[in-house]
Amino acid sequence: MNDDGIRNEGRRRVKAAITAAWDRGAAEYDRIPRHGILHDDERTAWRRLVAAILGDATHSEMPRRQVLDVGTGTGTLALVAAELGHDVIAVDLSERMILAARRKSIESGIAVDWRIGDAEDPPVPEGSVDAVVSRHLVWTLPDPLVAAQAWLARLRPGGLVAVIDGSYPRRPLPLRMLATAAARLEGAQDEHEYPPEIDARLPLLNQRSPEALMAVLRQAGFERVRARNLGEIDRIERAHLGLVQRTADGWRRYLVVGRAPRP
């Protein structure tokens with residue numbers, strides 16, 4: 001096997017391990033705090049955020065966008081975007097995640113085009129969408145630059161990329177020690193466990209800030225890349241955690257956006 005074949009086989013194994021992990025976690029994913037939308041105030045906050053990103057197309061003066069949700073998981077972003085009147089294609093490697101998302105779509109009566117596919121090579125034509133969105137995806141990508149370049153290719157000129165994820169800002173040593181103790185007391189474990197050799201292949205795992213992602217998007221060719229913290233989402237979600245969970249939780253959400261160049 002030549003070097004390209006070895007690299008491709010390595011990538012295939014990484015993707016297979018990642019897919020298997022999400023298949024295992026699909027049934028419980030929406031029950032995990034800060035993952036599924038578990039409370040009415042959380043739902044209101046997420047709808048407000050997605051409306052701020054894409055616009056609320058249920059109002060006649062707002063455009064209806066073609067939206068691609070990459071790494072959709074159980075479809076949280078896709079369903080909110082579709083509820084706001086947008087046409088949404090949602091893609092995930094995990095068949096079980098897509099099945100869970102499709103069940104939610106049927107139960108809610110919200111139409112989304114669900115597809116099994118790779119976020120690093122989404123199964124949609126180039127230049128066909130107005131926005132690419134993702135939630136809780138980028139830390140799982142073995143090659144985020146390849147993914148960002150693929151997203152750019154799928155966007156129309158001037159199209160939007162909007163990435164929602166989280167980082168672990170460095171906290172003072174006493175808080176870190178307290179958080180470690182709280183995590184042990186809680187019995188907290190990584191709910192999406194990968195083998196260590198897979199973790200080592202994920203460049204955006206456990207980032208301190210969104211700066212690395214912003215650099216990836218700029219390198220891919222996106223313009224007007226900027227980030228902001230999602231403090232309202234953090235505050236509302238953390239309010240539903242117990243004291244020990246809140247102490248152990250060092251994860252803070254962010255939004256990074258950019259634009260495809262115009263000719």
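Everything below is about the structure shown above.
Heads up: these notes are all about the structure in this document. Note that the coordinates shown come from a computational prediction; the quantities given were computed from them, not determined experimentally.

Rules of the game
Residues numbered from 1 in each chain as written. Predicted model: local features only at pLDDT ≥ 70, side-chain atom pairs only at ≥ 80, totals over all residues. Heavy atoms only, no water. Pairing = 2+ DSSP bridges. Helix = DSSP H or I, 4+ residues; strand = E, 2+ residues; numbered from the N terminus. Axes fitted to C-alpha atoms, helices over the stretch in contact; angles between N-to-C directions. Contact = heavy atoms within 4.5 Å. Core = buried A, V, L, I, M, F, W, Y, C linked by side-chain atoms within 4.5 Å. Buried < 20%, exposed > 50% of the residue type's maximum accessible area, 1.4 Å probe, protein only.

Points about the sheet that holds strand β7 (residues 252-259)
So, step 1. On the basis of which strands lie adjacent, the open sheet formed by seven strands has the order β3-β2-β1-β4-β5-β7-β6 and mixed pairing. Where the open sheet ends on each side, the last strands, each with one partner, are β3 (113-116) and β6 (223-229). Direction aside, neighbouring strands of the sheet carry axes that sit 15° apart on average.
So, step 2. The sheet strands contacting helix α2 (residues 40-54) are β1 (66-70), β4 (129-135), β5 (155-167), β6 and β7, and the helix crosses β5 at an angle near 150°.
So, step 3. Against the sheet, helix α8 (residues 211-220) contacts β5, β6 and β7, and its axis sits at roughly 165° relative to β6.

Concerning the nonpolar core
So, step 1. I53, L54, V112, W114 and I164 are the most contacted members of the largest nonpolar core, which has 32 residues in total.
So, step 2. Listed by contribution, the elements that provide at least two residues to this core are α2, α3 (76-83), β2 (87-92), α4 (95-108), β4, β5, α9 (231-239) and β7.
So, step 3. Here W114 is in contact with T72, G75, A78, L79, A90, I98, A101, R102 and S105, once residues within four sequence places are set aside.
So, step 4. V91, V124, W151 and L155 belong to the second largest nonpolar core, which has 29 residues in total.

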